[in-house]
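# Secondary and tertiary structure notes
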Amino acid sequence: MAFIYQLTYMIFLRKKENVSLKQSIALFFLYFFLGVSVYIIDCYIYFYFAGYKVYAFFPWSSPPDVYYGFEAWEKFNRSYLKPYRIVIFTAVYTLAYLIKMRKKQKGGEEK
């Protein structure tokens, strides 16, 4: 639902708020990566308490190994996607966006 709203904002609603297309696209990616990062952090919390199961290539061949706590985080970080990199990228992207917007606001006040 948020995805549909953001597309609608990029196409129609940004004109009412006098937002450029570049800024609306940057906001789209910012919100997208923030949503993914929140989901990954939620996975970290879930795996810490409920456990992370590592299956064999054929899941029916043997019962899965279950890891809890920080050991589950370690196994999750070794997965194919490297989820901690996505969270770090999102933090850097958010910081860069906030710094750029702050500079733009200060530049607009001086004129």
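Above: the structure in question.
Everything in this summary refers to the structure shown in the same document. (Residues numbered from 1 in each chain as written. Predicted model: local features only at pLDDT ≥ 70, side-chain atom pairs only at ≥ 80, totals over all residues. Heavy atoms only, no water.)

### Things to note about the packing of aromatic side chains
Any two aromatic rings considered together are summarised by their centre-to-centre distance and by the angle between their planes. The cut-off we apply is this: Geometry of aromatic contacts follows a simple scheme: Phe, Tyr and Trp rings, the Trp one being its six-membered ring, pair when their centres are within 6.5 Å, and the pair is stacked under 30 degrees between planes, edge-to-face over 60, tilted otherwise. Strands here mean DSSP runs of E at least two residues long; helices mean DSSP runs of H or I at least four residues long; both are numbered from the N terminus. Burial classes follow relative accessibility: with a 1.4 Å probe on protein chains only, a residue under 20% of its type's maximum area counts as buried, one over 50% as exposed, and anything between as partly exposed. In this scheme, Lys NZ or Arg CZ marks a charge over a ring once it lies within 6 Å of the ring centre and within 35 degrees of the ring normal.
Enumeration according to the criterion identifies 16 aromatic pairs in this entry. With centroids separated by 5.7 Å and ring planes inclined at 80°, the aromatic side chains of Y44 and W73 adopt a geometry described as edge-to-face. Of the two residues, Y44 is situated in helix α2 (residues 21–50) and W73 in helix α3 (residues 70–77); the sequence distance between them amounts to 29 residues. Judged by its relative accessible area of 27%, W73 falls in the partly exposed class. Geometrically, the ring pair formed by Y48 and W73 is tilted, given 5.4 Å between the ring centres and 50° between the ring planes. A residue pair is termed long-range when its members are at least 10 positions apart, and Y48 in helix α2 and W73 in helix α3 qualify at 25 residues. Here a set of aromatic residues connected by ring pairs shows up, and it is made of Y44, Y46, F47, Y48, F49, Y52, F70, W73 and F76. Positioned above the aromatic ring of Y67 is the side chain of K75, whose terminal nitrogen or guanidinium carbon lies 4.8 Å from the ring centre.

### Considering the side chain of T90
Going by this rule: Identification of polar contacts relies on pairs of N or O atoms within 3.5 Å, with a donor-acceptor requirement for protein atoms, meaning one able to donate a hydrogen and the other able to accept it, and with residues adjacent in sequence counted only if both atoms are side-chain atoms. The criterion used for residue contact is that any of the two residues' heavy atoms lie within 4.5 Å.
With respect to the element layout, T90 can be found in helix α4 (residues 83–110). Among the polar contacts listed, one links the side chain of T90 to the side chain of S37, at a separation of 2.8 Å. Dropping the residues within four chain positions of it, T90 is found in contact with F33, L34 and S37.

### Quick look at the nonpolar core
We apply this condition: Among the buried residues, those of types Ala, Val, Leu, Ile, Met, Phe, Trp, Tyr and Cys that are joined through side-chain atoms within 4.5 Å form a nonpolar core.
Ranked by size, the top nonpolar core spans eight residues in total: I40, C43, Y44, F47, Y52, Y67, A72 and F76. Listed by contribution, the elements that provide at least two residues to this core are α2 and α3. In terms of residues, this core owes the most to one element, α2, which gives four residues. Sequence-distant contacts of F76, that is, excluding residues within four places in its chain, are made with I40, C43, Y44, F47, Y52 and P83. In this structure, A26, L27, L30 and Y97 belong to the second largest nonpolar core, which totals seven residues.

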